[in-house]
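# Examining the three-dimensional arrangement
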Amino acid sequence: AQSVTQLGSHVSVSEGALVLLRCNYSSSVPPYLFWYVQYPNQGLQLLLKYTSAATLVKGINGFEAEFKKSETSFHLTKPSAHMSDAAEYFCAAGRGGGSNYKLTFGKGTLLTVNP
Amino acid sequence: DAGVTQSPTHLIKTRGQQVTLRCSPKSGHDTVSWYQQALGQGPQFIFQYYEEEERQRGNFPDRFSGHQFPNYSSELNVNALLLGDSALYLCASSLAGSSLQPQHFGDGTRLSIL
């Protein structure tokens, strides 16, 4: 069974500092990969997706992620953190054809941004 | 353009009762997936509906059932509620096709079991 591991349940950074949230997947065949963000009392918002077209994926709000098959990783980064980035971030993997896939989520990483 | 809408937003039930949650997909979407998110955890896949049929199912008991209507909206039913069913239930919609289409999530229904 596919699994997604997010290293660090809580990451704290200063405003303006680099954000790095780690995600590893377990699969011999690279699945679809996604990063979602969840603000309090809200659903999940898609940040970016990996579709095998490019290993460096750019998303919304200045976030990007790099797919590394050799490391089975899909880490999320942002060069400069903003207070509005404080939220919970989920990495997810999907397998299947077209849109007929189910998502397997990591346990999430809570990002705190300090002024 | 309306996104995924779920109702109700909050619900309180007691053990043994039954509950129905509702989801309207984003305009133009035809596939609905349901997820359960326990407190402090990532969402877990319950099942997926397409063309009014359950297409995939996660590791959830038969107490969890669903339905999709001709207008693509969907219901999640849970029977014989347990305390452990307390969670945020998320609905996600997408468009079926050969290319990858991301799932769009609603804000969820917060279910509390007393």
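Here the structure is shown first, and the text comes after it.
Residues numbered from 1 in each chain as written. Chains lettered and ligands numbered in written order. Predicted model: local features only at pLDDT ≥ 70, side-chain atom pairs only at ≥ 80, totals over all residues. Heavy atoms only, no water.

## Here's the deal with the side chain of A:Thr109
Residue and element names in this part refer to chain A. Put simply, the test is: Put simply, DSSP marks the helices as runs of H or I at least four residues long and the strands as runs of E at least two long, and each gets a number from the N terminus on. Accessibility here uses a 1.4 Å probe with only protein chains present; expressed as a share of the type maximum, an area under 20% marks a residue as buried, one over 50% as exposed, and anything in between as partly exposed. Residue contacts follow a heavy-atom distance rule, with two residues in contact if any of their heavy atoms lie within 4.5 Å.
In this structure, Thr-109 sits in strand β12 (residues 109-114). Accessibility expressed as a relative area gives 0% for Thr-109, which makes it buried. Aside from chain neighbours lying at most four places away, what touches Thr-109 is Gln-6, Leu-7, Gly-8, Ser-9, His-10, Val-11, Leu-21, Ala-87, Glu-88 and Tyr-89.

## Examining the environment of B:Ser7
Residue and element names in this part refer to chain B. One can find Ser-7 in strand β1 (residues 5-7). Through-space distance from the C-alpha of Ser-7 to that of Leu-114 is 20 Å; in sequence the pair is 107 residues apart. Among residues more than four places away in sequence, those in contact with Ser-7 are Leu-21, Arg-22 and Thr-109.

## Quick look at the interface of chain B and chain A
To keep it simple, the criterion reads: A 1.4 Å probe defines the accessible area here, and the buried area is the portion of it lost by two parts on being joined, summed over both. A side-chain nitrogen of Lys or Arg and a carboxyl oxygen of Asp or Glu constitute a salt bridge if their distance falls within 4 Å. Think of a polar contact as two N or O atoms within 3.5 Å of one another; within protein, one of them needs to be a possible hydrogen donor and the other a possible acceptor, and neighboring residues in sequence only count if both atoms come from side chains.
If you look at the interface, chain B gives 25 residues, while chain A gives 21 residues. It is B:Leu100, B:Gln103 and B:Phe105 in chain B that bury the most area against chain A; as a group they hold 30% of the surface buried on that side. In this structure, the connection of chain B to chain A is made through 0 salt bridges. Across the chain B-chain A interface, the total number found is 6 residue pairs in polar contact (both at pLDDT 80 or more).

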